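Coordinates in review
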Amino acid sequence: MRKKIEKSDAEWREQLTPEQYHVTREKGTERPFTGDYQVTEEHGIYHCVCCHAPLFENEHKFEAGCGWPSFDRPLTAACVEEQTDSSHGMQRVEVTCARCNAHLGHVFPDGPPETTGQRFCINSVALNFHSGE
Ligand SMILES: [Zn+2]
């Protein structure tokens, strides 16, 4: 397995904007309907804003109406990790970058039934879109 990227908080702070740092390293959530990637129709790949690992493909994005970019699957099964999240009095499944442990968002079982039935609800500040990939 690929080695994890580990950096100190100070190194991440240096590399990221305050909002990127808050969401990816402190498990924050951006306000809904504020993200950059809500209505992108272009072909392309979304990369981790922290370590640039390719994580999601625009073809797997769907309009969930929840205010965050939503995907029915990650780019590959190995590029993200899922963990139980019991914070805020809810039982949720957190999605993190497999390479650098960045918090990306959560996955819910209410995605499109005609594909995977899953909804990866991802903060757009955790992603960098590369058009045409
Ligand atoms: Zn990453």
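Residues numbered from 1 in each chain as written. Predicted model: local features only at pLDDT ≥ 70, side-chain atom pairs only at ≥ 80, totals over all residues. Heavy atoms only, no water.

**Comments concerning the overall build of the protein chain**
- Each helix and strand counted, the protein chain has 2 helices and 9 strands in total.
- Along the protein chain, helices (α) and strands (β) appear in the sequence α-α-β-β-β-β-β-β-β-β-β when read from the amino end.
- The C-alpha radius of gyration of the protein chain comes to 14 Å, within 12% of the 14 Å expected for a compact globule of 133 residues.
- Projecting the C-alpha coordinates of the protein chain onto the three principal axes gives extents of approximately 45 × 40 × 35 Å.
- The buried share of the protein chain, taken over its 133 residues, is 47%.
- Sequence-distant contacts in the protein chain: of pairs separated by 6 or more residues, those separated by 24 or more amount to 53%.
- When the accessible area of the protein chain is evaluated, it comes to approximately 7300 Å², of which 50% is carbon and sulfur surface. (Helix = DSSP H or I, 4+ residues; strand = E, 2+ residues; numbered from the N terminus. Rg over C-alpha atoms; globule rule 2.2 N^0.38 Å. Buried < 20%, exposed > 50% of the residue type's maximum accessible area, 1.4 Å probe, protein only. Contact = heavy atoms within 4.5 Å. Areas by Shrake-Rupley, 256 points an atom, 1.4 Å probe, with all protein chains shown as cover.)

**Quick notes on the side chain of E94**
- Topologically, E94 is positioned in strand β6 (residues 92-97).
- What makes E94 buried here is its relative accessible area of 6%.
- A distance of 2.9 Å separates a polar atom in the side chain of E94 from a polar atom in the side chain of K27. (Polar contact = N/O pair within 3.5 Å; in protein donor to acceptor, adjacent residues only side chain to side chain.)

**Section: the coordination of the zinc ion**
- Bound to the zinc ion on the protein side are C48 (SG), C51 (SG), C97 (SG) and C100 (SG), at distances that span 2.3 to 2.4 Å.
- One can describe the donor arrangement at the zinc ion as tetrahedral, given that its 4 donor atoms subtend angles of 103 to 115 degrees at the metal. (Donors = N, O, S within 2.8 Å, 3.2 Å for Na, K, Ca; no water. Tetrahedral: all angles 85-135°; square planar, octahedral: opposite > 155°, others 65-115°.)

**Considering the sheet that holds strand β8 (residues 119-122)**
- The antiparallel open sheet is built from 6 strands, whose spatial order is β3-β4-β8-β7-β6-β5. Both edges of this open sheet fall to β3 (61-62) and β5 (80-85), since each of them pairs with a single strand only.
- The sheet contact formed by β5 and β6 spans 6 bridges and is antiparallel. Opposite Q83, over in β6, you have E94 as the bridge partner. (Pairing = 2+ DSSP bridges.)

**Concerning the pattern of salt bridges**
- Under the defined criterion, the tally for this structure stands at 5 salt bridges.
- E81 serves as the salt-bridge partner of K4, at 3.0 Å between the closest nitrogen and oxygen. Of the two residues, K4 is situated in the segment before α1 (9-15) and E81 in strand β5; the sequence distance between them amounts to 77 residues.
- Using a relative accessible area of 24% as the deciding quantity, one classes E81 as partly exposed. (Salt bridge = Lys/Arg side-chain N within 4 Å of Asp/Glu carboxyl O.)

**Considerations on the environment of A126**
- You can see A126 is positioned in the loop between β8 and β9 (127-131).
- Residue classification places A126 among the buried positions, given a relative accessible area of 0%.
- Taking C-alpha positions, A126 is 9.6 Å from C97, a pair spaced 29 residues apart along the chain.
- Those residues within four positions of A126 in sequence are excluded, and the remaining contacts are T24, H47, C48, V49, H103 and L104.

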